[in-house]
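# Summary of structural features
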Number of protein chains: 2
Amino acid sequence: MRQIQALIDGVADMVSVNLREHDFAVDEHVQNCVPLEKLAKFYAFYGLSPHYPLHFYFHQSVLAGSYFVGMCTVERSILYKSDIRGDELRVKGGKMGAGGRVLALQDDEKIHIKNSFLVKTLVHSNSHDPENPELFHIYNTVAMHFSNIHGSSVRGVFLGPFATLDQTTAHDCVLGPYAYVNAKEIRHASVPAGHIQVKSPERYEFHYQYPAEVLARYIQYVPGKVPRGIFMVLSDRFKQGFQEAFKFVPLGKGAGAPTGSFVSPYAAVDAESSIGENVLVAQRAYLSKARMGGGSNAQESCFIIDSELEGRNITAHGANVIHAKLGQKVFVGFNSFLNGSNGNPIVVGKNSIVVPHTIIDAKEPIVIPPEHIVWGFIERQSDIPRQSAPIEELRKISGEARIGDMTFTGDGGAFVAEFADRIEHILEANGAYFDGASGNRGHAQKGQDIAYNIIQPFPKGAFRGLCPTLDIRAPQ
Amino acid sequence: MRQIQALIDGVADMVSVNLREHDFAVDEHVQNCVPLEKLAKFYAFYGLSPHYPLHFYFHQSVLAGSYFVGMCTVERSILYKSDIRGDELRVKGGKMGAGGRVLALQDDEKIHIKNSFLVKTLVHSNSHDPENPELFHIYNTVAMHFSNIHGSSVRGVFLGPFATLDQTTAHDCVLGPYAYVNAKEIRHASVPAGHIQVKSPERYEFHYQYPAEVLARYIQYVPGKVPRGIFMVLSDRFKQGFQEAFKFVPLGKGAGAPTGSFVSPYAAVDAESSIGENVLVAQRAYLSKARMGGGSNAQESCFIIDSELEGRNITAHGANVIHAKLGQKVFVGFNSFLNGSNGNPIVVGKNSIVVPHTIIDAKEPIVIPPEHIVWGFIERQSDIPRQSAPIEELRKISGEARIGDMTFTGDGGAFVAEFADRIEHILEANGAYFDGASGNRGHAQKGQDIAYNIIQPFPKGAFRGLCPTLDIRAPQ
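Residues numbered from 1 in each chain as written. Chains lettered and ligands numbered in written order. Predicted model: local features only at pLDDT ≥ 70, side-chain atom pairs only at ≥ 80, totals over all residues. Heavy atoms only, no water.

On to the domain arrangement of chain A. For an interface, size is often stated in terms of accessible area lost upon the parts coming together. Residues and elements named next belong to chain A. Under the domain assignment used here, chain A contains domain 1 (2-233 + 450-473) and domain 2 (247-446). Each of domain 1 and domain 2 was reduced to a C-alpha centroid, and the two centroids are 23 Å apart. For the pair domain 1 and domain 2, the summed buried area comes to about 3800 Å², and 55% of that belongs to carbon and sulfur atoms. Of all residues in domain 1, Tyr204, Phe206 and Tyr452 give up the largest surface area on contact with domain 2, accounting jointly for 18% of the area buried on that side. (Domains from an automatic or database assignment. Buried area = accessible area lost by both parts, 1.4 Å probe.)

And the structure:
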């Protein structure tokens, strides 16, 4: 156990040195964050797939409850319940555009995690850093409960609970709780709690700031303590479902699902849920009385409860959908919280976009019209005009605009087009458009071919809790 | 699947080249020996233990259903349901006596398996080859169903079904079905089916040859076909118990057992069995209505059914004990077959030794007196005088002796003393004498600290059925 403690101390030192200009020491955040006993006993696992180049290297790390399917190195790090993946890494010869140039990858891209402590963090997709197209690195970084590092190379970053860094290279930054940043690149920045920004340099900026009193109800965080608030209450309520799923190691394919669909054996899906064709239900997705229309996906750590999803719906990492009815192609972004109830359901019309980190906590029945984009904090139908806009209207913005507390600057058309592109990319990558031909297979189809291999840590002795040093390659 | 086929072809070539002087081609033996489909889908596992130096390296191999806890390299080989272990390998600085000299090991001993096809073979304990004290090698070797390679370095060896090579270095040898060889070293030898030999050069020789008509009832073997006969019927009857055990990967410690005892989660033990203190029930041991007295062990692939074992009993690898009552410290050797029934039970008195590869198939109640050594084929009480001797009498032999069809030459005292030493060593190594102090912990106690990690083969694609190339070390 001394080894794990030494590992945590080492990460705390490295990250704090990176964040010295913010005068931000992470020690209090990481010490006692997860009981050592818990870190020591969790088993980890990696996926073996014929679809991706294979090379894993794990050294001096705790890999509690993971899942990797692509090229990944982890050194001197603690991954608590991470996902990582690697199934969208670029391959040798692949192209990446940036600064008017097109770079061809010299090697297969790989993930490299070093000196980091990622409490429940996803590191899905690929590096969006054109300066390191072959290396998706996560160095000297601490990410707290239910934060998401998604397609973001980081060095010296602290993410508070429920914060998301999305397709953004970040160096020496601090993100407060429930902050959302999608900004291509940030350096030496401190992003306040509950600040939502989507930014494309020289094209547009979208900002929204949660009021402090609202935030306090959903997420309260004191360093060294487990976060509190409505988000955590909800998460605790459903986690039992996963504990059951993780008691056994799946040896065959995932649970029965229709053609083209994959339900991870590490998801929790009850018998009253239904799964359409070409549906992906990812690891740690929790579905209860959920109707998943064809081509939908339920991503990692999302909850979908008492809800109907028409089809081709995206429920992103950490998003919650409760007592809601979502039309075709509704997108619900990271860590969004759609909390309806039997008497106060939420209806979202087709093609609407729920911006990441949106809270719709219905005190009365709420209807979001089709083709709308919605953000921020909504409790009543009367909040809608201040917290949403028809996509068509947003598209027309050029210059500055303010809707409620949201400010937008720049080219609305570019903003809408980039969002639409991303939604199409996500559906395609997840296999929503699979027609039986191998050309358009996505995660929902390829996931069926993954074999899960487990890694238990040393059960006793000097290395207790650490995984062995593992180097795993293809046989040739 | 082409990869597995190529692997089998490669092994067949290497072994056949080794055995060319015997004009013995192994192709027919290994082709179709196990359906490729079966080899491709089995998961393997290795144990992680704080008690032994750790280094595994697996390359271009099928590791179906294994279990390793020590230093082991496997290359271009097929291990079907192997055990391997490595928990008795010598460590750096350890001593090995031979030819009047004492060698000090320069490195930790490791197992190295290369170009071999080991159908259900154990490679337990350590190299007994003083010429290679740090390397326990298994090269260019084929071992068929329920054969045992035990503490025997081999190069270019074929073992027929139910054959055992015990603590004997062998080069370029063929062992027929149910042959047993414990002879320190054999080279370029062909050992006939059902030939039992225990030999210590210049000290003694013990020989017994099963009559062909007896052998034919118990084990019939035609190359390229699954063996037949009573041994296989019995094995098939009980194997269902293991299939259940192997459906799940054990994540915690083994099943509940008293202080100092270990029941492998990969053993099958029914509720009507009872386990005493300091008992080891190894992987693939099958116990039904078995009373295991304190300090007993049930080793790999043994069956103990409707039987009472008084205490400190050894039931060696592949031994069967059915409707028997065994007194204190009775030793039942490899692949022995004690087949009593309700009406015709078998009683073996305390301190008696059942020589490896003994068949007692009771057609009437049978009693072996205490302090006896018994061998060969026994059906009735009247067979006993021709198939056994009081240990005290055997001890007195000097020169040549013949009892029934058994011939003994040399120093009976040395033979008895070596057997007694070995029994003590086995009891000690397995933890029979554990008294709560750490100094005398054996496998029954240390086994409790093993974490099992699984390796699934590639489920699809070019490498289907092969395990990834794995290099596994301690974190430092």
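For Asn453 of chain B, the location among the structural elements is in strand 40 (residues 451-455). Once you skip the residues sitting within four places of it in the chain, Asn453 of chain B turns out to touch Ile454, Ile455 and Gln456 of chain A together with Ala44, Phe45, Tyr46 and Leu48 of chain B. (Helix = DSSP H or I, 4+ residues; strand = E, 2+ residues; numbered from the N terminus. Contact = heavy atoms within 4.5 Å.)

As a further point, take the relation of the copies chain A and chain B. Rotating chain A by 180° and translating it 0.1 Å along the rotation axis places it on chain B, where the RMSD comes to 0.0 Å. Here the symmetry operator amounts to a two-fold rotation axis. Residue by residue, 100% of the interface of chain A is reproduced at the interface of chain B, so both copies engage with the same surface. (Least-squares fit on C-alpha atoms with pLDDT ≥ 70 in both.)

With that settled, the discussion passes to the packing of aromatic side chains. Enumeration over the complete set of coordinates arrives at 58 aromatic pairs over all chains. Taking 5.6 Å as the distance between ring centres and 80° as the angle between the ring planes, the aromatic pair formed by Tyr266 of chain B and Tyr452 of chain B counts as edge-to-face. With Tyr266 of chain B in the loop between strand 19 (262-263) and strand 20 (268-269) and Tyr452 of chain B in strand 40, the pair connects residues that are 186 residues apart, well separated along the chain. In this pair, the class of Tyr266 of chain B matches that of Tyr452 of chain B, namely buried. Ring-pair connections join several aromatic residues into one group, and the members of that group are Phe146, Phe162, Tyr178, Tyr208, Tyr210, Tyr218, Phe231, Phe337 and Phe377 of chain A. The ring of Tyr139 of chain A has Lys114 of chain A lying over it, and the distance from NZ or CZ to the ring centre is 5.7 Å. (Phe/Tyr/Trp six-rings, centres within 6.5 Å; stacked < 30°, edge-to-face > 60°. Buried < 20%, exposed > 50% of the residue type's maximum accessible area, 1.4 Å probe, protein only. Lys NZ or Arg CZ within 6 Å of the ring centre and 35° of its normal.)

Now for the environment of Lys329 of chain A. All names here are of chain A. Here Lys329 lies in the loop between strand 28 (324-326) and strand 29 (331-332). Lys329 sits in the partly exposed class, given a relative accessible area of 24%. The spatial distance from the C-alpha of Lys329 to the C-alpha of Gly311 is 6.3 Å, given a sequence separation of 18 residues. Contacts of Lys329, omitting those with residues within four sequence positions, involve Gly311, Arg312, Asn313, Asn351, Ser352, Glu424, Leu427 and Tyr433. Separated by 2.5 Å, the side chains of Lys329 and Glu424 make a polar contact. (Polar contact = N/O pair within 3.5 Å; in protein donor to acceptor, adjacent residues only side chain to side chain.)

The next thing to look at is helix 1 (residues 2-18) of chain A. Residue and element names in this part refer to chain A. In this model helix 1 runs 24 Å from its N-terminal to its C-terminal C-alpha over 17 residues, within 8% of the 24 Å that 1.5 Å per residue would give. Here helix 1 has its buried residues at Ile4, Leu7, Ile8, Val11, Ala12, Val15, Ser16 and Asn18. Projected down its long axis, helix 1 carries its buried residues within an arc of 155°, all on one side. (Expected span 1.5 Å × (residues − 1). Arc of directions from axis to C-beta.)

This brings us to the nonpolar core. Core analysis: the largest hydrophobic core is formed by 86 residues, its most contacted members being Phe58, Phe68 and Leu175 of chain A together with Phe58, Phe68 and Leu175 of chain B. Apart from residues no more than four positions distant in its own chain, Phe58 of chain B is found in contact with Tyr46, Leu63, Phe68, Cys72, Val74, Ile455, Pro468, Thr469, Leu470 and Ile472 of chain B. (Core = buried A, V, L, I, M, F, W, Y, C linked by side-chain atoms within 4.5 Å.)

We now examine the interface of chain A and chain B. Taken together, the contact between chain A and chain B spans 41 residues of the former and 41 residues of the latter. Here chain A meets chain B over a buried area of about 3200 Å², counting both sides, of which 62% is carbon and sulfur. Where chain A packs against chain B, one counts two salt bridges. Here Lys460 of chain A ties to Asp449 of chain B by a salt bridge, and the two come within 3.2 Å at their closest N and O atoms. The tally of links between chain A and chain B comes to 14 residue pairs in polar contact (both at pLDDT 80 or more). The set of elements that each furnish at least two residues to the side of chain A that touches chain B consists of strand 1 (44-48), strand 40 (451-455) and strand 41 (469-473) of chain A. (Salt bridge = Lys/Arg side-chain N within 4 Å of Asp/Glu carboxyl O.)

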